[in-house]
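Here are the chains, one letter per residue:
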Amino acid sequence: MPKIVLTGLRPTGKLHLGHYFGAAQTWLKIQNDYDFYMEIADIQALTDNFNNPDKVRVNVREVTIDLLSIGINPDKVHLYIQSMIPEIAELTVLYSNLVTMARLYRNPTVKTEIAQKKALFGNSGESVTYGFVGYPVSQAADITAFDGELVPVGEDQLPLIEQCREIVRKFNSIYGETLVEPEPLLSSTPRIKGLDGNDKMGKSLGNAIFLADNEATIAKKVMGAITDPQKIKKDDPANPDICMVYYYHKLIDSKNLDDICVECKKGERGCVACKKELIHNMMEFLKPIHEKRTYYEMHPEVVDEVLLNGTEEARKKAQEVMSKVRKNVKIDYFDD
Ligand code: TRP
């Protein structure tokens, strides 16, 4: 039996190149080798978007279209909507007894996110909700509801996996061997930088290149990219290692990479020409993705079908796990 892999995405916006190179590329590589559960985590997205349900609703579809367009194969991957699996919510309630408030506040991921919120909304902490502080508990339910064994994650999500493992051990020690303890599958790609030189590409950072962006949008973003600040004139020699244009040439594996590097160092390559080449190569890279996106946009019924089938398959698995849980927590009153 192939191992069960589980990952989740918050549907708060379309996918960008940071998602693609930081995470999705790994999913594509491993999707044939595992029993893969891929959760569109709408309930988790609502923890900090509860006052904007339209945004979450729209993006459930957008993210699904992005995933299908990059080549996630719904015959291999169970692609499903979190809110349509009520067992996850049931598990969350049971797990919430096993986690102290102190432990939640100590979770480094939650701590960082609370600090970011305080910086944005003022220091009172009033804006931090019970649901938000508790999202690691709900994420533990996401993983264990499907007996997830491996969870592909970036560094920033490691504390959430650790907290999940603690919940599993506590649960099993009280109620008997029931849940599977997951392990992280750390991504080998480091975080993807922004064209603006920021360490991270992110929608909220305003430096994201979306998979769905058209040529005009990409051109605008690439033309504003940070290059070697020492280079003033077109034929000044420069250092490609501190240039975001070169960084992106490498990322999308531009064909004449060595030439780009050598020419840049020798001052034989102007930044404008180099950026234009990047725009061209990026559009080539995105072309097959855009073609598929157009297809799915014109066939919403195909997208619906994928989500409905995936959710049905995933729900079966969650129901199996839940019936074991009910039995062991002794709340299986009328099940025989
Ligand atoms: N917290 C993850 C993120 O923000 C998304 C997520 C939800 C997830 N449920 C999950 C990731 C389960 C791994 C496993 O990216």
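Residues numbered from 1 in each chain as written. Predicted model: local features only at pLDDT ≥ 70, side-chain atom pairs only at ≥ 80, totals over all residues. Heavy atoms only, no water.

Draft legend 1. Representation of the site of the ligand within the structure. In the neighbourhood of the ligand, the contacting residues comprise Leu6, Gly8, Arg10, Ala41, Gln44, Gln139, Asp142, Ile143, Val151 and Gln157. Arg10 places a polar side-chain atom, nitrogen or oxygen, 3.3 Å from an oxygen atom of the ligand. Between the ligand and Gln139, the relevant distance is 2.8 Å, taken from a nitrogen atom to a side-chain nitrogen or oxygen of the residue. In isolation the ligand offers 370 Å² of accessible surface; the protein chains occlude 85% of this area. (Near = heavy atom within 4 Å. Polar contact = N/O pair within 3.5 Å; in protein donor to acceptor, adjacent residues only side chain to side chain. Areas by Shrake-Rupley, 256 points an atom, 1.4 Å probe, with all protein chains shown as cover.)

Draft legend 2. Quick look at helix H4 (residues 86-95). All buried positions along H4 are accounted for by Glu87, Ile88, Leu91, Thr92, Leu94 and Tyr95. Angular distribution of buried residues about the axis of H4 spans 165 degrees; they occupy a single face of the element. Among the structural elements, strand S2 (35-40), helix H8 (135-144), helix H9 (158-175) and helix H14 (300-328) are those in contact with the buried residues of H4. (Buried < 20%, exposed > 50% of the residue type's maximum accessible area, 1.4 Å probe, protein only. Helix = DSSP H or I, 4+ residues; strand = E, 2+ residues; numbered from the N terminus. Arc of directions from axis to C-beta. Contact = heavy atoms within 4.5 Å.)

Draft legend 3. Broad picture of the side chain of Thr64. Within the secondary structure, Thr64 is located in helix H3 (residues 53-70). According to the relative accessible area criterion, Thr64 is buried, its value standing at 0%. A polar side-chain atom of Thr64 sits 2.6 Å from the main-chain carbonyl oxygen of Val60. When sequence neighbours within four positions are dropped, the list of residues in contact with Thr64 reads Ile40, Leu79, Val303 and Leu307.

Draft legend 4. Main features of the domain arrangement of the protein. Here the domain parsing of the protein yields domain 1 (4-193 + 300-328) and domain 2 (213-293). Across the contact, 14 residues belong to domain 1 and 11 residues belong to domain 2. Taken as a group, Leu17, Ser69 and Lys193 account for 48% of the area that domain 1 buries against domain 2, more than any other trio of residues on that side. Glu62 is the partner of Arg293 in a salt bridge, and the nearest nitrogen-oxygen pair spans 2.9 Å. On the surface where domain 1 and domain 2 come into contact, there are five residue pairs in polar contact (both at pLDDT 80 or more). (Domains from an automatic or database assignment. Buried area = accessible area lost by both parts, 1.4 Å probe. Salt bridge = Lys/Arg side-chain N within 4 Å of Asp/Glu carboxyl O.)

Draft legend 5. The layout of surface pockets, seen in detail. Quantified by volume, the second largest pocket comes out at close to 440 Å³. Taken together, 21 residues make up the lining of the second largest pocket; nearest its centre are Thr92, Tyr130, Gly131, Gly134 and Ser138. Breaking the lining of the second largest pocket down by element, the ones donating at least two residues are helix H2 (42-47), H4, helix H5 (101-106), helix H7 (130-133) and H8. Examining the composition of the lining of the second largest pocket, we find that five residues originate from one element, H4, more than from any other. Here the residues of the lining of the second largest pocket sort into 13 nonpolar, eight polar and no charged. (1 Å grid on protein atoms, 1.4 Å probe; cavity = no way out; pocket = protein on both sides within 12 Å on 5 of 7 lines; lining within 4 Å. Points joined across faces, edges and corners; volume = space filled by probe spheres on them. Nonpolar A, V, L, I, M, F, W, Y, C, P; charged D, E, K, R; others polar.)

Draft legend 6. Region of the structure containing empty space enclosed by the protein. Evaluation of the coordinates by the stated rule reveals one cavity of 30 Å³ or more. What the largest cavity holds in volume is close to 100 Å³. The wall of the largest cavity is formed by 14 residues, among which Thr227, Cys243, Cys264, Cys271 and Cys274 lie closest to the centre. Among the elements that line the lining of the largest cavity, the one with the most residues is helix H13 (residues 271-298), at three residues. Partitioned by chemical class, the residues of the lining of the largest cavity number eight nonpolar, two polar and four charged.

Draft legend 7. Up close: the environment of Cys264. You can see Cys264 is positioned in helix H12 (residues 257-266). Classification of Cys264 as buried rests on a relative accessible area of 13%. As for Cys264 and Asp236, which are separated by 28 residues in sequence, their C-alpha atoms are 8.5 Å apart. Among residues more than four places away in sequence, those in contact with Cys264 are Asp236, Pro237, Ala238, Pro240 and Arg269.

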